[in-house]
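Inside the fold
This is what each chain is made of:
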Amino acid sequence: MRRFAFLAAPALLGSSAARAQDAEVVPVDRVVAVVGTEVILWSDVLEEINVMRAQGRELPNDSTAQMVLARQIIERLIETELLVQRARQDSVEVEDAELTATVDQRMRQVRGQFQTEEQFRDLLRRSGFGSTEEYRRWLIDEQRRSALQERLLQKLRQEGKLPPAPVSEDE
């Protein structure tokens, strides 16, 4: 996942001790969860919100509903990371070649929404991507994580470790 960092540069005048006292403290990012050895950052949550916005989904306007949405996203990111880590632990693998066709199709689909290449690149920049290649790498990573989850669940079902849970109409 992409990580964004914003650093504040200290003033150039005065002693280093004076600069340290006068420097404004600017958070680089916030850790919202730790899953195994992986951290989930606030920027990851914001990235998910930006993806939702780019997909045209309606986002809440009030702060309470926004925090509910953020918590739901954090829970989903935790669940996803747990499954991805379990898949890797169980030696579930996904090769790049398996992802290429899907990613290429998605790239064409997104690019096709714009009249010019410049409009497409402008949207990518506004979404936090430096280039089309960076966007492609992000798509590959997202597709890999999704495939790892699917294959892990399939493997667990085959091994009988994840039995089907039928749900009745009343439930």
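Higher on the page you've got the structure.
The structure displayed is predicted, hence computed values, not measured ones. (Residues numbered from 1 in each chain as written. Predicted model: local features only at pLDDT ≥ 70, side-chain atom pairs only at ≥ 80, totals over all residues. Heavy atoms only, no water.)

Describing the packing of helix α4 (residues 96-111) against helix α6 (residues 132-158)
Running from amino to carboxyl end, α4 crosses α6 at an angle of 125°, the nearest separation of the two axes being 9 Å. Taken together, the axes of α4 and α6 are oblique relative to one another. The interaxial crossing formed by α4 with α6 has right-handed handedness. From α4, D96, E98, L99, T100, T102, V103, D104, R106, M107 and V110 reach across to α6, where they touch T132, Y135, R136, L139, I140, Q143, R144, A147 and R151. (Axes fitted to C-alpha atoms, helices over the stretch in contact; angles between N-to-C directions. Helix = DSSP H or I, 4+ residues; strand = E, 2+ residues; numbered from the N terminus. Parallel < 35°, antiparallel > 145°, perpendicular 65-115°, else oblique. Left-handed = near helix turned anticlockwise from the far one by under 90°. Contact = heavy atoms within 4.5 Å.)

A look at the pattern of salt bridges
A side chain of one charge can pair with a side chain of the opposite charge when the charged atoms of the two come close. The tally for this structure, following the rule as stated, stands at 11 salt bridges. In this structure, R111 and E117 form a salt bridge, with 2.7 Å as the shortest nitrogen-oxygen distance. Residue classification places E117 among the partly exposed residues on the basis of a relative accessible area of 32%. The closest approach of N and O atoms between R125 and E118, which form a salt bridge, is 2.8 Å. A relative accessible area of 44% places R125 in the partly exposed class. One salt-bridge network, held together by shared partners, links R111, E117 and R121. (Salt bridge = Lys/Arg side-chain N within 4 Å of Asp/Glu carboxyl O. Buried < 20%, exposed > 50% of the residue type's maximum accessible area, 1.4 Å probe, protein only.)

What to know about the nonpolar core
Counting residues in hydrophobic clusters, the biggest one holds 12 residues: A33, V35, I40, V45, I49, M52, L59, L69, A70, I73, I74 and L77. The set of elements that each furnish at least two residues to this core consists of β1 (31-35), α2 (42-54) and α3 (63-89). If one sorts the elements of this core by residue count, α3 sits on top with 5 residues. Residues within four places of I49 in sequence aside, it is in contact with L59 and I73. (Core = buried A, V, L, I, M, F, W, Y, C linked by side-chain atoms within 4.5 Å.)

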